[in-house]
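Observations on chain architecture
Take a look at the letters that make up each chain.
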Amino acid sequence: MALTTFFVILLESIIQYPQMVSEELDEATVERMVQRHIYLSHLMAQILQELEQRRLEQSRLEQTTQEKSGEAWGSLLSAALQYQPLWAIAGLLVLLVGLWWCFRRWSHQADNHNDDRSSGYRTEEEEEEEEEDDDENDVGRFIEEHIQLPVQDITRDCRRALSLVHTFILLFGELNAHSFYPVLQKEIGVGSTFEGWSLSTEDTVFRILVPMMPPRGHTFQLEIRTAKRTEARTCRIRVELLCTCLRPGQMLCFLHHPAEELRRNQEPSLLYTLCTDSYLDVQKTARWFQQMLTAAWVILPLSAKCHLKLLPSNRSCRFQVTRDDEPMLSIEMIFGVQRGTSDIFVSSENTAACFTPSTMWSETYAVAEVKLFKHIATKAPHDSFHLRCLQVFAYIHVGSGFSIYTFKTAVMHLLTTIPLSGWRRKHFLQRLRGIMSYLRCCLEEKRLNHFFFANENVPEEILLPSSFQNLVPPNLFYRLAKDPDTLPEVLRDFSELQDRLRRFLIFGN
């Protein structure tokens with residue numbers, strides 16, 4: 001019977017492993033004990049199943065009275081114990097418990113004794129599990145509690161900011177229906193706030209790009225200027241007139257109608273309102289935005305209970321919506337022109353140069369970056385921590401001399417190189433170390449390539465101009481490459497930043 005077999009094997013186990021006085025067990029012995037323990041567990045389960053079947057068979061024989069049922073249980077108990085005296089079974093069970101206790105003690109001692117020796121032979125999965133059980137869960141929890149954005153509030157404010165700008169765009173169209181100003185297109189939220197990794201601060205600014213199309217009878221010609229070996233790409237937008245003689249009744253042709261007739265019967269051309277020497281002027285366009293914003297605000301019902309405060313800016317339209325002198329929303333409207341049908345624009349954003357001519361527009365990749373992070377969000381695991389990594393760097397980089405765009409570029413490179421399954425919470429510390437190591441290598445090589453140029457890892461969902469694949473990537477560390485003598489100082493600053501990261505992870509500040 002199975003019960004007899006169980007106790008015979010148990011007795012053999014006790015005889016086979018008599019090393020009760022040894023301080024350690026070799027690995028082979030421990031493995032055999034584990035296998036034997038598993039085998040005994042399966043055998044015990046078989047015995048319990050057999051007893052259960054007997055109980056069910058005995059129960060079916062019960063007829064009517066409680067007394068007969070009690071006799072059936074007594075018979076079942078007798079059948080279970082008929083092979084061994086009660087004291088023998090009890091003794092063997094005590095020995096089994098003792099064997100299990102000794103095995104646990106030996107295993108614990110062996111782990112403690114061999115911890116240092118075996119640390120060099122742990123697999124990557126074991127290291128990740130150890131990090132997850134110890135440091136990484138604590139660090140991840142800290143980040144969530146102290147750095148995580150109030151997603152609900154920020155998401156709501158993002159929608160409110162986009163909705164308000166959308167309303168302004170509609171009103172601008174109505175106010176300029178018979179004029180020849182740029183035609184505004186659907187607004188696009190850009191920057192860290194709309195990418196999902198902005199830190200929660202009172203002065204959060206919602207940056208919104210407003211694409212512009214040429215008005216009737218006009219066309220935009222983009223003249224890209226690439227300064228050699230620099231990280232900056234700029235552009236001028238040349239405004240040209242188109243013949244509209246074939247569209248009688250809609251407008252007078254700026255090219256073929258007399259100037260006097262045009263002056264009397266039609267609004268002036270864009271060339272005479274927002275251009276300088278036939279090129280669209282950033283500062284004139286910004287002033288036009290600000291004037292239209294003020295005119296449109298008084299039409300809105302919101303103006304009855306809130307106040308619009310324009311903020312100084314000569315290359316964008318910055319404003320606050322306040323209520324009872326408390327800011328509700330801070331918005332910066334930047335404007336730009338799309339390059340063909342791609343996700344690349346030339347915009348009114350400031351360039352890195354000390355002086356930027358008013359007819360110079362900067363190439364921006366903000367729309368492509370937002371689209372990239374949205375694409376990553378659809379593919380990444382639900383507990384992906386890539387945005388948390390950016391939040392950490394946004395927190396510690398302040399005052400370090402390193403731009404947050406440097407860290408963002410490194411993260412974008414690694415996001416499209418390392419499988420997204422490797423960005424989960426349990427990989428958090430590993431990814432932070434990887435980002436810092438990647439940037440240190442780039443510093444030593446004095447080169448950090450722009451993400452969207454000559455990069456085959458860019459997802460195909462991101463629409464880029466065809467020329468991007470054949471261009472030499474702009475170097476974000478151009479100044480370091482130009483002056484390599486500054487490398488030791490830069491590396492010292494980077495080491496201080498690494499120390500700041502360690503302190504932050506340990507102490508939270």
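Heads up: the structure comes first, above all this text.
Residues numbered from 1 in each chain as written. Predicted model: local features only at pLDDT ≥ 70, side-chain atom pairs only at ≥ 80, totals over all residues. Heavy atoms only, no water.

1. What about the packing of helix 11 (residues 366–379) against helix 13 (residues 404–415)?
Stated formally: Axis definition: a line fit to C-alpha positions, over the contact stretch in the case of helices; interaxial angles, taken between N-to-C directions, run 0 to 180 degrees. In this description a helix means any DSSP run of H or I spanning at least four residues, a strand means any run of E spanning at least two, and both kinds are numbered starting from the N terminus. Angle categories are assigned with fixed cut-offs, so that under 35 degrees is roughly parallel, over 145 is roughly antiparallel, 65 to 115 is roughly perpendicular, and the rest are oblique. Crossing handedness is defined as follows: a turn of the near helix away from the far one that is anticlockwise and smaller than a right angle gives a left-handed crossing, while the clockwise case is right-handed. Contacts: residue pairs with any heavy atoms within 4.5 Å of one another. Any residue outside Ala, Val, Leu, Ile, Met, Phe, Trp, Tyr, Cys, Pro, Asp, Glu, Lys and Arg is labelled polar, Gly included; the first ten of those are nonpolar and the last four are charged.
Taken N-terminus to C-terminus, the directions of helix 11 and helix 13 make an angle of 45°; their axes are 12 Å apart at the nearest point. For the element pair helix 11 / helix 13, the angle class is oblique. The two elements helix 11 and helix 13 cross, and the hand of that crossing is left-handed. Where helix 11 approaches helix 13, its residues E369, L372, F373 and I376 are matched on the opposing element by Y405, K408, M412 and L415. Within the contact of helix 11 with helix 13, the residues separate by chemical class into six nonpolar, no polar and two charged.

2. Quick look at the pairing of strand 3 (residues 206–213)
Convention followed: Summary of the burial criterion: residues with accessible area below 20% of their type's maximum are buried, those above 50% are exposed, and those between are partly exposed, where the area comes from a 1.4 Å probe applied to protein chains only. For two strands to count as paired, DSSP must find a minimum of two bridges between them.
Taking burial as the measure, the eight residues of strand 3 include six buried ones, the bulk of the element. In the sheet, strand 1 (residues 183–184) pairs with strand 3 via two bridges, with the strands oriented antiparallel. Bridge pairing in strand 3 links V183 to M213. Pairing between strand 2 (residues 188–190) and strand 3: three bridges, direction antiparallel. When the sheet's bridge partners are listed, I188 is paired in strand 3 with L209.

3. Re the pattern of salt bridges
Operational definition: Criterion for a salt bridge: a side-chain nitrogen of Lys or Arg within 4 Å of a carboxyl oxygen of Asp or Glu.
Taken as a whole and judged by the stated rule, the model has 16 salt bridges. We note a salt bridge from E349 to R207, for which the minimum N-O separation is 2.4 Å. You can see E349 sitting in the loop between strand 11 (345–347) and strand 12 (361–364) and its partner R207 sitting in strand 3, a full 142 residues away along the chain. Through salt bridges with shared partners, a single ionic network connects E195, E369 and K408.

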